[in-house]
Each structure stands twice: as C-alpha cells, then as structure tokens.
Amino acid sequence: MIQRVTKKIGDTDLILETGKIGKQANGCVYAQFGGTAVIATVCASSNVTEGMDFVPVTVDYNEKFYAAGKIPGGFVKREGRPKDKEILVSRLIDRPMRPLFEPTFGREIQIVPTCVSVDGKNPPDILAVIAASAAVTISDIPFHGPVAGVRVCYLNGEYVLNPTYEQIEKSQLEIVVAGTKDGFTMVEGGANEAGEDVMLGALEKAQDFIREMCILQEELQKLAGKDKLPLAPLDVKLENAEAIEAEAVPLMKEACFQKGKMTRGNAVKAVKKQVAEHYKEQLEDDVQARLYDALFDDIQYKILRSSILDKGLRIDGRGTEDIRPITCEVNVLPRPHGSALFTRGETQSLAVTTLGTAMDEQVYDDIEGDRSENFILHYNFPPYSVGEVGKLSTGRREIGHGNLARRSLAPMIPSRDEFPYTIRVVSEIMESNGSSSQASTCGGCLSLLAAGVPMKKMVAGIAMGLITDGPQYKKYAILSDILGEEDHLGDMDFKVAGTRDGITGFQMDIKIAGVSMDIMRKALDQAKRGRNHILDIMEKCINKPQPISQYAPKIDSLKIPVDKIGALIGPGGKNVKSLCQQYGVTINTDDDGTVTIYGKTAISTDAAKAAVKGICEDPEPGTIYNGTVKRIMDFGAFVEILPGKEGLCHISKLSRSRVEKVTDVLKEGQVIPVKLLEVDKMGRLNLSYIDAIEDQARKNG
C-alpha cells in the first residue's frame, strides 16, 4: 500500500513516499522536492553476529546521469566508480546516522540513496539525508532516529534555508547541519571569513527545520512503519570482571599518562598482557577475549574523562586550552614549486604546492553540469603515519579530509585574473595523532606562500573536543587541539579553520544527543584563541608570498581587440599553432580578447607575448621596428616587421649613397631596424633602413 506525507517548504512540497518502489528492501522511501528526487533504500543482512561492539553500516550515495538528462562522458557510457562528490555526500549521511544504530543489532546494514532526478535548482544531498533516515525509520531495523539535514546560507545579511545553487554561490557562509529533534549531531561547511556569531545564528535557524523534518518522518512511520527486528545482545558476561578491573585500574592509570602516543599505546598493551596472564584459561574463549578487550576500553574511557573533568588534566599533561608544540619550515624540498613541513605534537603534514596552467585544471563531469576548478587539494594518509602496515590507497577518509582542508583554504586563494595558475596542494601525512586535516590546512597555507601564491590572508585550523559527564552536562570540558585518543573517547570532534578575521571551514561530529548553544559558543571562542596562537607561529616562519620558483611555468596574459582574435588564431588555427611550436608555449584565447600564454620559461613566454602583440598590432607610420629580412630582390628587400606583416625596403632606402646591389648591404635572415614611412592606399608597407639608422643615431646623441 502506497503511503505519502508532504510538507510545504516555501512554495514547494517536500514529498516522502513508500510502498510503490523497492518493496523487497527492509525500507525504501522516494523523496521529492521540486524537480529533484532521491530513492533511498536500506537493507540488513540475515546473518547475526552476537557480541558485536560496532555498527557495520555502509552508505553508498550515487547519482545517475539520466537524472539530469545527460549521458556520461568518456569512452565508457556507464556510471563508474564513485565520484568524490558522491563519497562526500555518503559521509554526510553516514556521520549523523551511525551513532543512532544499536551495536547489539549484530547485522550488516547498507543504505543506498540514489539521485534519480535533478532540476538544477535544488541540490539533492539534503534530500538524500532525509530520505535515507526515513527509509531506516520505517524499516524493521532498530534505530534511535530519525535524523534530518538542512543547508543554511548567510546571504546579504539574512539566513536562507535550503538555498538554490545560485544563492549558495553568492553566500558568505554555507553550512550543512544534521541532527535529531533534540539537537544537532553534525555540522560542516565553509565560509568567507564569517564571524562566530554568524555561524551560531545559522545553527539556531537550522534546528526548527530539522525538527519539522523528523516529525514528518515519524508521521510516515505511523502510516507504514514495520515492527523492529530483535537485537542480539551477548548474554555471556565477562567472568571475574570485578577482579580484573580492580587489578587493571591502578596499572592503567599509570599507563594512560605516559608521554607519547606510541609509548602510551605500548604501556596499555603491556598492562593488558600482564593482567591477562592471570586469566589465561578464561581468555582462550573468543567471546571472553572480546569482552576482556571491551573492559579495557571502558577503563581507559573512564580514566581519561575523570582526569579531565575532575582535575583539568589531559593524558599528555596539558590543560584544556593548551596546544601542543608547533614547528614550521618552508622550502624543505629542492625542486617542487613550494613545500612546507608543519608539525604539531605527533601530527605532521608535508605539504607541497605545484603551479600549473589552465590545461591542468580539474574538470568535473557530473549531473549538475560540467565545471572546472583551478585550486585542488589532495590529502594522503599512508599507513606508516600511524606506524602500521597496509595498502597505499585513496579512501573515503582521504577524500573527506582533503575536501575540508581545500574548503578552508579556498576563500583565500586569489582569483584567476589575479593569479592565472592552476594550483595543486598535496598534504602527505607523515605522522598522525589527532587532527591531520587541520595540519593539512596549516601546512597547505605555508606551502602556498612558499610557492609564491598571493593569498589574501593566512589560514590556520584547529580541532576542538568535548568531554561531558552525561546528558545533563553538569560538568563538561572543551579541549583545544585534541589527540587521537581524545577524539576516539570524547563526545565531540569540532574542526574550525579560518583567518584572524573569521571562519573559512568547519566540520563537527557529535557522539551524544546534542550540544547546547552555550557549549557551541564557548567552543568557537576557544577555537578562535587557538587559531590565532597557531597563526602567530606560522607568521614567524613565512608571512608573505615568496618569488615564484624558477622551476614553475611562466604565465602571462594580455588583452587584444576582439576583432583581432581571428588574425591571431589564423585559418584553421594556423597562426596560433605556429607560435606555440616556435616558442614552445601554450596559448589560450578567450572570447573577450584575453590571451593567456603558458611557457616553461620566462624567456619563451616573453618572446611569445611580443609575437602576439605584433600580430594584433596595427603598424604605425613613423615607428621604428626591428625586422627580419625575408626575401631579397633586385629592387629592394622584404622585411617582416611584425609576425605575418612584411613591408618593402626599396634599394634607394638602404643608404644615402648609391647602392649597386641589395646584397651589398643586407642578407636574408638578418635582423635590422627599419622605419615605417607609410601605409599606402593598398595597405602596402613602405620601409626605410637608412632613416631608422639616422633616427637612432640622433636619439643616442
């Protein structure tokens, strides 16, 4: 039976429908807003694993080109592996939903939201968040939802909910918020130096819409919801749990406060091994062994939190606002165009900037239309960065962290008109213990300046954490520059990047029901102080762009009259191809007459620029040109004064005295000064060698 609920948003209905499509899935919802539509399904495996201590959820958001009436580009006309955008939207859906599943459900869960229609006006990602949550809410899978999402922009001093693409492009702040009826659980977005108050205002605007969308899903659940499947809790308890905990806690209190991530980790492993020796026979059972590991995680969780809440002391000895030691270096690599090494505690980014041409821009072919980007940032997280063995690959983490760092730096990148290079930054994480994405932001900023990129302002980033004593928040602590353990065992991971004057990028994940506006306000204020502290250190290393590397391509541009574009290009592109081959450059001509020249060296670029000027320049009588003798005749010589423009220097204009043969004065290929005497009615150029010589002599005294 088909069931439908609707909610008017502005002048458009948001529709959630089930019972017509995908009836064999555990849950399926068709969602539509305007001309944009998403089908979201959720399925759970039939196999149950008892005692599972995590939720094996996979979200695979995908976009079909037919949604926009397009056929995929390239040789293969089938949608291929997930694009970066699809992975980012998958993370957008996964992060607020994952904490709301029951670990004791014990089954694999797969959520597949598919964009099947797009109108070019309403983005499908927020609709996909709502549809995915609705599909799980009406399904038989236990879920502590629903959740909903909303995009908020700050445009012309006003907040706009669920803006169009055009409004997003013009906004000062773009924020995506997801949460439950009780509070938000995920925030991410970018801004052009938005103030903390602007961001807090956006969060306040988001909550009402999220609550309405959660209520709408609950209405659909009442109409079409299924009975929930049973959980699979582990009935077996850890034997001797109290004795194990009594023995382990004193040892763990010492191990957890060792200096250094690896030292601390080894100390914890040693305690686990030491205590396990007393319970060998018991722990030979796999279930007992898993429960034993879980107990130690719980002990570490309690020790970390009580130390922070009761003593204000973190496991590495810092106070709540203290930031780890930072060192910065630039030009650490000899040949790349710009490089920097940013180290904060045990997190280190080697950031490298490469300058390219317009031909190196990243081209995107997706359902929203073809587009290109001249600023690219790639993040790599190799296994050696955490002392492990594994494959070198690009996964969802790499794409998500790279996107956050790129978004944080992008507002401060100069426009194409100001700096006509394609810019690629690569952050190689050399070691990691908390917030490598923000180390990438800091290192990326340093490497951009080292490469000569005239950034508008410097950008730094910091990761904030939160420790609470429970849902009442009688005690809580906001942590600056969190460690990996504090991220894993804490209640919030809030990354904030920006300049001294405002925020440029942020991302927040919350593991509890929600945080109050008061906590958010304090976290943003503390993050700003931390950000400025980091900028102080970065500015001592480098605070303005260095000269562009000699190894970087030379890019120059000029404007020519629009009616000269045809002359520059020539029939079938003959002229411009000849220039490119002659000077070893690439020449790009825009419809407005902007000519951009990309050369491997400054010499080749400057020579090509002079040639372009020559082709597009109208010869001026009375002007002296350096021309090349092309042909010698009995009556004179034809001299090319500008590319493709030749004139005749008559034999009588070679000298004040009689010249018997032209070859007595000139030879082919010789470069000589000539003065343009006139352009006759037929457009022919009459030149004089002797007049040019005499004029130059008078000028030189």
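Everything that follows concerns the structure shown earlier in this document.
Criteria and thresholds
- Residues numbered from 1 in each chain as written.
- Predicted model: local features only at pLDDT ≥ 70, side-chain atom pairs only at ≥ 80, totals over all residues.
- Heavy atoms only, no water.
- Helix = DSSP H or I, 4+ residues; strand = E, 2+ residues; numbered from the N terminus.
- Rg over C-alpha atoms; globule rule 2.2 N^0.38 Å.
- Contact = heavy atoms within 4.5 Å.
- Areas by Shrake-Rupley, 256 points an atom, 1.4 Å probe, with all protein chains shown as cover.
- Salt bridge = Lys/Arg side-chain N within 4 Å of Asp/Glu carboxyl O.
- Buried < 20%, exposed > 50% of the residue type's maximum accessible area, 1.4 Å probe, protein only.
- Core = buried A, V, L, I, M, F, W, Y, C linked by side-chain atoms within 4.5 Å.
- Axes fitted to C-alpha atoms, helices over the stretch in contact; angles between N-to-C directions.
- Parallel < 35°, antiparallel > 145°, perpendicular 65-115°, else oblique.
- Left-handed = near helix turned anticlockwise from the far one by under 90°.
- Nonpolar A, V, L, I, M, F, W, Y, C, P; charged D, E, K, R; others polar.
- 1 Å grid on protein atoms, 1.4 Å probe; cavity = no way out; pocket = protein on both sides within 12 Å on 5 of 7 lines; lining within 4 Å.
- Points joined across faces, edges and corners; volume = space filled by probe spheres on them.
- Phe/Tyr/Trp six-rings, centres within 6.5 Å; stacked < 30°, edge-to-face > 60°.
- Lys NZ or Arg CZ within 6 Å of the ring centre and 35° of its normal.
- Pairing = 2+ DSSP bridges.

Peer 1: Can you break down the overall build of the protein chain residue by residue, with the values?
Peer 2: If you tally the helices and strands in the protein chain, you get 16 helices and 30 strands. Expected size for 701 residues packed as a compact globule is a radius of gyration near 27 Å; at 33 Å, the protein chain overshoots this value by more than 25%. Its C-alpha atoms put the protein chain at 120 × 60 × 45 Å along the principal axes. Pairs at least 24 apart in sequence give 69% of the contacts found in the protein chain among residues at least 6 apart. Accessible surface, the protein chain: about 32600 Å² in total, of which carbon and sulfur atoms supply 50%.

Peer 1: Which residues make up the pattern of salt bridges, and what values do they have?
Peer 2: The tally for this structure, following the rule as stated, stands at 47 salt bridges. Lys 170 serves as the salt-bridge partner of Glu 166, at 3.2 Å between the closest nitrogen and oxygen. With a gap of 4 residues between them, Glu 166 and Lys 170 both fall in helix H3 (residues 165-170), about one helical turn apart. As far as the burial class goes, Glu 166 and Lys 170 line up, both exposed. Ionic pairing is found between Asp 606 and Lys 554, a salt bridge with its closest N-O pair at 3.3 Å. In this pair, Asp 606 sits in helix H15 (residues 602-616) while Lys 554 sits in strand S23 (residues 554-559), placing the two residues 52 residues apart along the sequence. Judged by its relative accessible area of 25%, Lys 554 falls in the partly exposed class. If you follow the salt bridges from partner to partner, you end up with Asp 316, Arg 318, Arg 324, Arg 344 and Asp 481 in one network.

Peer 1: I'd like a description of the nonpolar core, backed by residues and values.
Peer 2: Nonpolar side chains in soluble globular proteins tend to be buried together. Ranked by internal contacts, the top residues of the largest apolar core, which has 125 residues, are Phe 494 and Met 538. Those residues within four positions of Met 538 in sequence are excluded, and the remaining contacts are Cys 328, Phe 342, Cys 442, Cys 445, Leu 446, Met 458, Val 459 and Ala 460.

Peer 1: For helix H16 (residues 689-699), give the residues involved together with the corresponding values.
Peer 2: All buried positions along H16 are accounted for by Tyr 689, Ile 690, Asp 691, Ala 692 and Asp 695. On its buried side, H16 packs onto strand S26 (624-633), strand S28 (645-650), strand S29 (671-679) and strand S30 (685-688).

Peer 1: Tell me about the packing of helix H6 (residues 261-276) against helix H8 (residues 286-311), and please be specific about residues and values.
Peer 2: Taken N-terminus to C-terminus, the directions of H6 and H8 make an angle of 130 degrees; their axes are 12 Å apart at the nearest point. Considering the angle they form, H6 stands oblique to H8. Seen from above, H6 lies across H8 with right-handed handedness. Only Tyr 292, Asp 293, Phe 296 and Gln 300 of H8 make contact with H6, whose side of the interface consists of Val 268, Val 271, Lys 272, Val 275 and Ala 276.

Peer 1: An account of the packing of helix H9 (residues 396-409) against helix H10 (residues 436-450) is needed here, citing residue identities and associated values.
Peer 2: Direction vectors running N to C along H9 and H10 enclose 50 degrees, while the axes themselves pass 9 Å from each other. As judged from the angle between their axes, H9 and H10 are oblique. With respect to the hand of their crossing, H9 and H10 are arranged in right-handed fashion. The residues of H10 that touch H9, namely those facing Arg 397, His 401, Leu 404, Ala 405, Ser 408 and Leu 409, are Ser 436, Ser 437, Gln 438, Ser 440, Thr 441, Gly 444, Cys 445 and Leu 448. Tallied by class, residues from the contact of H9 with H10 come to 5 nonpolar, 8 polar and 1 charged.

Peer 1: Just give me the short version of empty space enclosed by the protein, but keep the residues and values in it.
Peer 2: Tallying each qualifying case throughout the model produces 2 cavities of 30 Å³ or more. In this model, the largest cavity occupies a volume close to 140 Å³. Along the walls of the largest cavity sit 13 residues, with Phe 33, Pro 123, Ile 126, Leu 127 and Asn 162 positioned nearest its centre. With 3 residues, helix H2 (residues 124-138) is the largest single contributor of residues to the lining of the largest cavity. Grouping the constituent residues of the lining of the largest cavity by class yields 9 nonpolar, 3 polar and 1 charged.

Peer 1: Go over the packing of aromatic side chains, please, and point to the residues and values.
Peer 2: One pass over the full model with this rule turns up 6 aromatic pairs. Seen in terms of ring centroids, Tyr 292 and Phe 296 are 4.9 Å apart; in terms of plane orientation they differ by 55 degrees. Their pairing is tilted. Of the two residues, Tyr 292 and Phe 296 both sit in helix H8, 4 residues apart, roughly one turn of that helix. Since its relative accessible area comes to 4%, Tyr 292 is described here as buried. Residue placement shows Arg 335 over the ring face of Tyr 551; its charged tip is 3.7 Å from the ring centre.

Peer 1: Could you give an account of unusual backbone geometry, naming the residues involved and the relevant values?
Peer 2: In this chain, Gly 145 is followed by Pro 146 through a cis amide linkage whose omega measures 5 degrees. As for its placement among the helices and strands, Pro 146 is situated in the loop between H2 and strand S8 (148-155). The backbone phi angle of Asn 156 is positive, close to 55 degrees, even though this residue is not glycine. Among the structural elements, Asn 156 can be located in the loop between S8 and strand S9 (158-161). When its relative accessible area of 75% is taken as the criterion, Asn 156 is described as exposed. With a phi close to 60 degrees, Asn 240 is a non-glycine residue in the positive phi region. Mapped onto the fold, Asn 240 is located in the loop between helix H4 (196-224) and helix H5 (241-255).

Peer 1: Before we move on, could you go through the sheet that holds strand S19 (residues 460-468) and cite the residues and values that matter?
Peer 2: Reading across the sheet, the 8 strands line up as S9-S8-S10-S11-S22-S21-S19-S20 and stay open at both edges, with antiparallel pairing between neighbours. The open sheet is flanked by S9 and strand S20 (476-480), the only strands paired with a single partner. Put simply, the sheet's adjacent strands are angled 15 degrees from each other on average, direction ignored. Contacts from helix H12 (residues 517-541) reach strand S11 (184-194), S19, S20, strand S21 (492-498) and strand S22 (503-510) within the one sheet, and its direction differs from that of S19 by about 145 degrees.

Peer 1: Tell me about the sheet that holds strand S24 (residues 585-589), and name the residues and values.
Peer 2: One open sheet accounts for 3 strands, arranged S23-S25-S24; its pairing is antiparallel. What marks the edges here is a single partner per strand, and that holds for S23 and S24. Ignoring strand direction, the axes of neighbouring strands in this sheet form an average angle of 15 degrees. Helix-sheet contacts for H15 involve S23, S24 and strand S25 (594-599), and the interaxial angle to S23 is about 15 degrees.

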